[in-house]
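Examination of the molecular architecture
Residues per chain are reported as follows:
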Amino acid sequence: MDSVSEMKMNSLKDLEHRAKACTNCGLRSGCRGVVFGEGNIDSPVMFVGEGPGQTEDELGRPFVGKAGQLLDKILLAAELPRETVYITNIVKCRPPGNRTPNTQEMQACLPWLRQQFALMRPRFMVLLGLAATHGILEPNLKMGQSHGQWFEKGNVLIMPTYHPAAILRNPALRKPAWEDFQKISQTVHE
Ligand code: URA
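The following refers to the structure shown. These numbers were taken from a predicted model, which means no experiment stands behind them.

**So, the pairing of strand S4 (residues 124-128)**
Among the 5 residues in S4, 5 count as buried, and that is most of the element. Residues Phe124, Val126 and Leu128 line one face of S4 and the alternating positions Met125 and Leu127 line the opposite face, and both faces are buried. Inspection of the sheet shows strand S2 (residues 45-49) paired to S4 by 4 bridges, in the parallel sense. Following the sheet pairing, phenylalanine 47 is matched in S4 by valine 126. As paired strands, S4 and strand S6 (residues 156-161) are joined by 5 bridges and run parallel to one another. Across the sheet, the residue bridging to methionine 125 is isoleucine 158, located in S6.

Okay, here's the thing in structure tokens:
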């Protein structure tokens, strides 16, 4: 590992350490632990989900339950194997009963994501589902209209796509989601 990556890794470890002591919102008191994120910190692409579910809360890792297993398969098929990308969530603590995090909770947690982003500087960000899309892009966006489109924000290209849990619930989303991931792969590998 070169010295720049090493410094980045140390800064991220320090950030994670601080995130673990966060009390910015009420979610921390109702979960087992903070799920900070994991993956290749030098990846050009960062995936952002909604928040940890039960399995993620238990294991301290993002996207390791049923939705995560589907995400792994899609990533592999899109030639973006999980270990080559970085994966995190818009809220780092499991909302009770897996409910969607509210606007206040997302706003309270966003500084952690912003700092992760500032240290890693990915060129692309993929928003998995509406919560991340609303929290990061615009609160009124509809997934049906915005998925598969690149939104330019600063120097970053951001694409909303379907959350893997939504694909599991509704198999009709498989095709449009797969098309989005092909587009993501193509752009990342260009
Ligand atoms: N769903 C999410 O949005 N994130 C996870 O980490 C797991 C499930």
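Moving on from the coordinates now.
**Description of the sheet that holds S6**
Sheet architecture is open: 6 strands sit in the order S1-S3-S2-S4-S6-S5, paired in mixed fashion. Where the open sheet ends on each side, the last strands, each with one partner, are strand S1 (38-39) and strand S5 (151-153). Across the face of the sheet, helix H4 (residues 103-120) comes into contact with S2, strand S3 (86-89), S4 and S6 while running at roughly 170 degrees to S2.

**Considering the pairing of S3**
A regular strand places its side chains so that they alternate between the two faces of the sheet. The side-chain alternation of S3 yields two buried faces, one formed by Tyr86 and Thr88 and the other by Ile87 and Asn89. Looking at chain direction, S1 and S3 are connected through 2 bridges and run antiparallel. If you follow glutamate 38 over to S3, its bridge partner there is isoleucine 87. Bridge analysis of S2 against S3 gives 4 bridges, and the strand direction is parallel. Paired with valine 48 across the strands is threonine 88, a residue of S3.

**Observations regarding the site of the ligand**
Taken together, the residues surrounding the ligand are Gly49, Glu50, Gly51, Glu56, Pro62, Phe63, Asn89 and His163. Take glycine 51: an N or O atom from its main chain is 3.0 Å from a nitrogen atom of the ligand. Contact with the protein chains removes 92% of the 240 Å² of surface that the ligand exposes when unbound. Considered class by class, the residues forming the shell around the ligand number 2 nonpolar, 4 polar and 2 charged.

**A short note on helix H1 (residues 3-19)**
When the terminal C-alpha atoms of H1 are compared, their 24 Å separation across 17 residues agrees well with the 24 Å that a helix rising 1.5 Å per residue should span. Listing the buried residues of H1 in full gives Ser5, Lys8, Leu12, Leu15 and Ala19. An end-on view of H1 places all buried positions within 85 degrees of arc, on one side of the element. Across H1 from its buried face, at more than 90 degrees, point the exposed residues Ser3, Met7 and His17. Of the surrounding elements, those touching the buried residues of H1 are H4.

**Description of the state of the cysteines**
On inspection of all chains with the given rule, the structure shows 0 disulfides. Free of any disulfide, cysteine 22 has its nearest neighbouring cysteine sulfur in cysteine 109, separated by 6.3 Å. The buried category is assigned to cysteine 22, whose relative accessible area is 15%. The thiol sulfur of cysteine 31 is not disulfide-bonded, and the nearest other cysteine sulfur, from cysteine 93, lies at 3.8 Å.

**Brief notes about the packing of aromatic side chains**
Inspection of the entire model under this criterion finds 2 aromatic pairs. Ring geometry for phenylalanine 47 against phenylalanine 181: centres 6.1 Å apart, planes inclined by 5 degrees, an arrangement best described as stacked. Of this pair, phenylalanine 47 sits in strand S2 while phenylalanine 181 sits in helix H8 (residues 174-189), placing them 134 residues apart in sequence. Assigned by exposure class, phenylalanine 47 and phenylalanine 181 land together as buried. Ring centres of phenylalanine 124 and tryptophan 150 lie 5.5 Å apart, and the angle between their planes is 50 degrees; on these two criteria the pair is classed as tilted. Of the two residues, phenylalanine 124 sits in strand S4 while tryptophan 150 sits in the loop between helix H6 (143-146) and S5, which places them 26 residues apart along the sequence.

Rules behind the numbers
- Residues numbered from 1 in each chain as written.
- Predicted model: local features only at pLDDT ≥ 70, side-chain atom pairs only at ≥ 80, totals over all residues.
- Heavy atoms only, no water.
- Buried < 20%, exposed > 50% of the residue type's maximum accessible area, 1.4 Å probe, protein only.
- Helix = DSSP H or I, 4+ residues; strand = E, 2+ residues; numbered from the N terminus.
- Pairing = 2+ DSSP bridges.
- Contact = heavy atoms within 4.5 Å.
- Axes fitted to C-alpha atoms, helices over the stretch in contact; angles between N-to-C directions.
- Near = heavy atom within 4 Å.
- Polar contact = N/O pair within 3.5 Å; in protein donor to acceptor, adjacent residues only side chain to side chain.
- Areas by Shrake-Rupley, 256 points an atom, 1.4 Å probe, with all protein chains shown as cover.
- Nonpolar A, V, L, I, M, F, W, Y, C, P; charged D, E, K, R; others polar.
- Expected span 1.5 Å × (residues − 1).
- Arc of directions from axis to C-beta.
- Disulfide = S-S within 2.5 Å.
- Phe/Tyr/Trp six-rings, centres within 6.5 Å; stacked < 30°, edge-to-face > 60°.

Nothing here speaks to function; it is geometry throughout.
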